[in-house]
Amino acid sequence: MATHLLELPLPKDWDRRAFKIRGQATRENIDRAINVARQHAKEIGSGLDRNAYLLTYQNRPTVLKIPNNPRGGDQMKYEITMLFKRPDIKASPLFIKGIDYDRSATHPMWIHVEYARPCTQNEFRTHMSTDPDVLVDFGEEVWLRAHKRPSAPLAKIMMLAADTTHRFGDINLRHPTVIEFANMSRKYDLGDSHFNNWGWYQDRLVIIDLGYVVARGTEA
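1. Examining the environment of Ser185
Phase 1: Tracing the backbone shows Ser185 in helix H7 (residues 176-185).
Phase 2: For the pair formed by Ser185 and Ala146, sequence separation is 39 residues and the distance between their alpha carbons is 9.4 Å.

2. Considerations on the nonpolar core
Phase 1: Counting residues in each nonpolar core, the largest one holds 47 residues, and the members touching the most others are Phe95, Phe138 and Leu190.
Phase 2: Take this core: its biggest share by element is six residues, from helix H5 (residues 132-148).
Phase 3: Residue contacts for Phe95: discarding those within four places in its chain leaves Ile89, Met184, Leu190, Val206, Ile207, Leu210 and Val213.
Phase 4: One finds Phe19, Ala25, Ala33 and Ile66 within the second-largest nonpolar core, a separate group that totals 15 residues.

3. Considerations on the pairing of strand S8 (residues 198-201)
Phase 1: On S8, burial covers both faces: Trp198 and Trp200 on one face and Gly199 and Tyr201 on the other are all buried.
Phase 2: Sheet topology places strand S6 (residues 117-118) next to S8; two bridges connect them, and they run antiparallel. Looking across to S8, one finds that Pro118 is bridged to Gly199.
Phase 3: Alignment of S8 against strand S9 (residues 204-207), held across four bridges, turns out to be antiparallel. Residue pairing in the sheet places Trp200 in a bridge with Leu205 of S9.
Phase 4: Linkage of S8 to S9, two consecutive antiparallel strands, is achieved through a turn of two residues, within which Gln202 is found at a positive phi near 50 degrees.

4. A few points about unusual backbone geometry
Phase 1: One non-glycine residue, Asn59, adopts positive backbone phi at about 65 degrees.
Phase 2: Topologically, Asn59 is positioned in the loop between strand S2 (50-57) and strand S3 (60-67).
Phase 3: Here the phi dihedral of Ser129 falls at roughly 65 degrees; this positive angle occurs in a residue that is not glycine.
Phase 4: Residue Ser129 is classed as partly exposed on the basis of its relative accessible area, which comes to 38%.

5. Some remarks on the layout of surface pockets
Phase 1: What the largest pocket holds in volume is close to 710 Å³.
Phase 2: Around the largest pocket sit 27 residues that line it, and Gly45, Ala52, Asn196, Ile208 and Asp209 are the ones nearest its centre.
Phase 3: Its residues assigned to classes, the lining of the largest pocket shows 13 nonpolar, eight polar and six charged.

6. Considering the sheet that holds S6
By way of backbone hydrogen bonds, the strands of a sheet pair with one another, either parallel or antiparallel.
Phase 1: Spatially, three strands are ordered S6-S8-S9 in an open sheet, and the strand pairing comes out antiparallel. Edge positions in the open sheet fall to S6 and S9, since each of these has one partner strand only.

About the cut-offs
Residues numbered from 1 in each chain as written. Predicted model: local features only at pLDDT ≥ 70, side-chain atom pairs only at ≥ 80, totals over all residues. Heavy atoms only, no water. Helix = DSSP H or I, 4+ residues; strand = E, 2+ residues; numbered from the N terminus. Core = buried A, V, L, I, M, F, W, Y, C linked by side-chain atoms within 4.5 Å. Buried < 20%, exposed > 50% of the residue type's maximum accessible area, 1.4 Å probe, protein only. Contact = heavy atoms within 4.5 Å. Pairing = 2+ DSSP bridges. 1 Å grid on protein atoms, 1.4 Å probe; cavity = no way out; pocket = protein on both sides within 12 Å on 5 of 7 lines; lining within 4 Å. Points joined across faces, edges and corners; volume = space filled by probe spheres on them. Nonpolar A, V, L, I, M, F, W, Y, C, P; charged D, E, K, R; others polar.

Rendered as structure tokens:
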């Protein structure tokens, strides 16, 4: 059974009440949680709707995500579904691994995930032989061809997709990450193509923010 955040070995001077909210979080609730996190943890990411903090857990670095506003809570709720409730995503080596999440609030106050070291654009290019936006476009081509030929083997679909434009000429179709990216692209729009959405986890590149991942057929 997963260990919940409120049971984790957090510093004794953390005000855990800031993370234990019933119902929908208010602006005051959110500000209180952010202030507590900033007092005791290093902020390693800040966006319009969510912040990320470095948290030591079981002697390893992990990440605690907290919303900046109610919209951030909606994003967190969506990412919880992706990270924890979809078996294919949980099993895939393409995505960062989730540890736990807030089950108490209508709009979740936190998500706890593994830490991935930031990836620079040069690192991505060196490791993947292409850029993130090119890889995302390749994934779209894979989906288009898989949609037309649902019974075709993945390798065949990848070859057909790679032949559509010279931009895909540098993509290594035998690279494990490329193969898994293509595999998951058949079912998901993998969203944000920026290299900042990738990180190093257990010596492999993973997508670290699933708030942009959309199941095919559910797009608005």
